[in-house]
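# Secondary and tertiary structure notes
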Amino acid sequence: MGEPVLFDEAMLEDPYARYALLRETDPVHYADQIGAWIVTRHDDVDRILRDPDFSSVITFDAARATGDPLRHLYAFVHSSLVFSDPPSHTRLRRLVSRAFTPASVARLRSWIEETVDRLLDTVEPQRRMDFVSDFAAPLPLRVLAEVLGLTFDPDEQRRLKEACDDFLLPFGRKPADLADEESARAARAGGTLAAAVREALDDAVDQPESLLAALAAASEDGDRLSRDELFATVVLFLIAGHENLTSLLSNGVIALLRHPDQLHLLRQDPTLWPAAVRELLRLVAPNQFIRRTATADVHIGDADIRAGDAVLLVLASACRDPAVHPDPDRLDIGRPRDWPIALGRGIHYCVGGPLAQLEAETAFQRLFTRLPGLRLDTTRIEYANNFNVRLVARLPVTW
Ligand code: HEM
C-alpha cells in the first residue's frame, strides 16, 4: 500500500479508521514518516510485548547526565521501571510491587469516594461543568498526591501538573532540537519535582502507612531503591497515573452517554461497574501506542524487523481488532472480562491497574448517581494535540 498519512489533524479526531486500514492491509507497516514499524494487530502486539528480543530502554546522551540542567530528566529515564529491561527491571519491579499491593490500593477506596464527592459538591449547584478541567483532570492528580503524600493544596497541585507537563517537553526529542526556553522550563520542572519528592520523603517518616514510606522502605535482601530510583518512581507514578486516567474518564463518559442501553444496565445493577470499566478501557484505550526497540532480527508476518529498529505497538488498535473483539467499536459491558491489552502485557504490565480500575469505577458510579440527568452539552468533541494519550481538550456537560 502507499504510505498512509499518520499523525495528522484528522487522526486526532478519529484514529480508528486509520488503525483499521493498517490492520487489514499492512499490519506490520514501516512508516518512513517516523522511521518506525507500526504494529496494529492484537496478536502481533501481544507477542512483541512478551518477547525478550524487544527492549524498553530509551537512550539519552549519557555525557550530559551530570551537572546538566536536565539531569533530573536523565535520572528519570535511566532509573525508571518503564524504561528498563531485565535484570534491572526485575529488581525495580519487585521493589515497587512490594509497596503497591492490591491491599494498599483497597485501603484508598473511601478516600477516593470522598475526593470524587468533594469535586461533585463544588460543581453540582452550577448544573454544568467542563468535565475535563472540573473533574477528569483534577481527580487523578489529587488521588496521586494523596497516595504519595505530596500536597493537598489545589494551587500546589496545579503547579505539580504544570511541572509534569514541562518535565516531559524534551521527551522523544534530541537535546539539540530543544529551544533554550523549553530546556529551561524542563530543567525548572525537574527541580520542582525533585523538591516535592524530597519534601514528601521527609514527611513520609511520620506517615509509615503511606505508599511513599513503603517505597522508601521496600527492600529485599538489603537491596533498596536508590535516591534516583525513588525520584524516578514517584515521577513515573505522577506521569503514568494521571493523563491516562483523565483520558479514560473523559472518553469513557462520552462512550457511556452515547450508549444509553449500557448505562441503563449499569443503573439497574451497579455490580456491573467493574466489568464496564474493563470494557471502557478496551474501547477508549488511553495510551494509543507504546514503543520498543528490537534487539535481534525478528520476522513477523511479512515484515523483517532488524535489530535496532524502533517499533510502535498500537494498543488502541489492538483493543479494536475484530479478530479478538467481535464488533469492536461497540461498547458491550457483557463481553468477556479479562483486562484488555490497553494496560500492556508481559513484564511491564501496568503496575497501577488496580488503582486505575478503582478510581474509574468510583468516579463513574458516583457521577451517574449524583447527576442522573448528565448529558453532553456539545455536538463536537475537541481533542488535544497529543497523539499518544487521547485527551479530550474540553467537554461541556450539563444536567
Ligand atoms: C487508565 C489508566 C492507565 C492506563 C491506560 C495505563 C497504561 C499503562 C501501560 C500501557 C503500561 C505498559 C507500558 C509499557 O509496556 O511500556 C503501563 C505501565 C505502568 N503504569 Fe500504567 N496505566 C494507567 C494507570 C496507571 C496508574 C494509576 C499508575 C500508578 C499510579 C500507573 C503506573 C504505571 C507504571 C509504574 C508502569 C510501569 C510498569 C513497568 O514498567 O513494569 N499506571 N501503564
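Please read these numbers as outputs of a predicted model, since none were measured by experiment. (Residues numbered from 1 in each chain as written. Predicted model: local features only at pLDDT ≥ 70, side-chain atom pairs only at ≥ 80, totals over all residues. Heavy atoms only, no water.)

Here we take up the packing of aromatic side chains. Taken as a whole, this structure holds 8 aromatic pairs when the rule is applied. Ring centres 5.9 Å apart and planes at 80° place the aromatic pair Y16 and Y19 in the edge-to-face group. Within this pair, Y16 and its partner Y19 are both found in helix α2 (residues 16–25), separated by 3 residues, close to a single helical turn. Overall, the relative accessible area of 15% leaves Y16 in the buried class. Here the aromatic rings of W273 and F368 are separated by 6.3 Å at their centres, their planes lie at 15°, and the arrangement is stacked. Residue W273 is located in helix α16 (residues 273–283), and its partner F368 is located in helix α18 (residues 353–370); the two are separated by 95 residues in the primary sequence. Aromatic rings pair up to connect F76, F83, F167 and F231 into one cluster. In this structure, R320 packs its charged tip against the face of Y16, placed 3.5 Å from the ring centre. (Phe/Tyr/Trp six-rings, centres within 6.5 Å; stacked < 30°, edge-to-face > 60°. Helix = DSSP H or I, 4+ residues; strand = E, 2+ residues; numbered from the N terminus. Buried < 20%, exposed > 50% of the residue type's maximum accessible area, 1.4 Å probe, protein only. Lys NZ or Arg CZ within 6 Å of the ring centre and 35° of its normal.)

This part is about the sheet that holds strand β4 (residues 128–130). A sheet is described by the order of its strands in space; here 3 strands give the open sequence β4-β14-β11, paired in antiparallel fashion. What marks the edges here is a single partner per strand, and that holds for β4 and β11 (375–376). Strand direction decides the pairing type here: β11 and strand β14 (residues 396–398), joined by 2 bridges, are antiparallel. Within β14, the position partnered with L376 by the bridge is V397. (Pairing = 2+ DSSP bridges.)

For the ligand, the set of nearby residues contains 29 residues, the closest of which are H89, R93, R292, H348 and C350. Within the side chain of H89, an N or O atom sits 2.7 Å from an oxygen atom of the ligand. Within the side chain of R93, a nitrogen or oxygen atom sits 2.7 Å from an oxygen atom of the ligand. Broken down by secondary-structure element, the contributors of at least two residues to the shell around the ligand are α5 (88–99), α13 (227–240), α14 (243–258), β7 (290–294) and α18. The residue inventory of the shell around the ligand, partitioned by class, reads 20 nonpolar, 7 polar and 2 charged. (Near = heavy atom within 4 Å. Polar contact = N/O pair within 3.5 Å; in protein donor to acceptor, adjacent residues only side chain to side chain. Nonpolar A, V, L, I, M, F, W, Y, C, P; charged D, E, K, R; others polar.)

Quick look at empty space enclosed by the protein now. Taken as a whole and judged by the stated rule, the model has 2 cavities of 30 Å³ or more. A volume near 80 Å³ is recorded for the largest cavity. Every residue lining the largest cavity is listed: F7, M11, L12, P15, Y19, Q288, Y383, A384, N386, F387, R390 and L391. Its volume calculated, the second largest cavity comes out at about 50 Å³. In terms of lining residues, the second largest cavity is bounded by L6, F7, M11, Y19, L22, I38, F289 and V314. Residues of the lining of the second largest cavity, tallied by class, amount to 8 nonpolar, no polar and no charged. (1 Å grid on protein atoms, 1.4 Å probe; cavity = no way out; pocket = protein on both sides within 12 Å on 5 of 7 lines; lining within 4 Å. Points joined across faces, edges and corners; volume = space filled by probe spheres on them.)

Below, the discussion takes up unusual backbone geometry. In this chain, P86 is followed by P87 through a cis amide linkage whose omega measures 5°. Checked against the element boundaries, P87 lands in the loop between α4 (71–79) and α5. Even without glycine at this site, R127 takes up a positive phi of about 60°. Along the chain, R127 turns up in the loop between α7 (109–123) and β4.

To continue, consider the pairing of β7. The pairing of strand β3 (residues 54–55) with β7 spans 2 bridges and is classified as antiparallel. From the neighbouring strand, S55 faces β7, where its bridge partner is T293. Pairing analysis gives 4 bridges linking β7 to strand β10 (residues 310–313), with the strands arranged antiparallel. Paired with I290 across the bridge in β10 is L313.

Attention now goes to the environment of L148. Topologically, L148 is positioned in helix α9 (residues 138–148). Remark: the alpha-carbon pair of L148 and L215, spanning 67 residues in sequence, is separated by 9.6 Å. Discounting residues that sit within four places of it in the chain, L148 has contacts with A200, L211, L212, V234, F237 and L238. (Contact = heavy atoms within 4.5 Å.)

Here we come to helix α15 (residues 260–268). Along α15, the positions that sit buried rather than exposed are Q262, L263 and L266. The buried residues of α15 all sit within an arc of 100° when viewed along its axis, so they share a single face. Projecting away from the buried face of α15 at angles above 90 degrees are the exposed residues P260 and Q268. Residues of α15 that are buried in the fold lie against α14, α16 and α18. (Arc of directions from axis to C-beta.)

Moving on to the environment of M129. Within the secondary structure, M129 sits in strand β4. Considering only alpha carbons, one finds M129 and D309, 180 residues apart in sequence, at a separation of 45 Å. Discounting chain neighbours no more than four positions away, the residues touching M129 are V123, D134, F135, L367, L371, L395, P396, V397 and W399.

This paragraph deals with the pattern of salt bridges. Applying the stated rule across the entire model yields 25 salt bridges. R320 is paired through a salt bridge with D329; the nearest N and O atoms lie 3.1 Å apart. For R320, a relative accessible area of 9% gives the class buried. In this structure, the salt-bridge partner of E382 is R394, at a minimum N-O distance of 2.6 Å. Taken together, the positions of E382 in strand β12 (residues 382–383) and R394 in strand β13 (residues 392–394) put the pair 12 residues apart, joining distant regions of the chain. Overall, R394 belongs to the partly exposed group, its relative accessible area being 42%. One salt-bridge network, held together by shared partners, links D117, D121, E124, R366 and R370. (Salt bridge = Lys/Arg side-chain N within 4 Å of Asp/Glu carboxyl O.)

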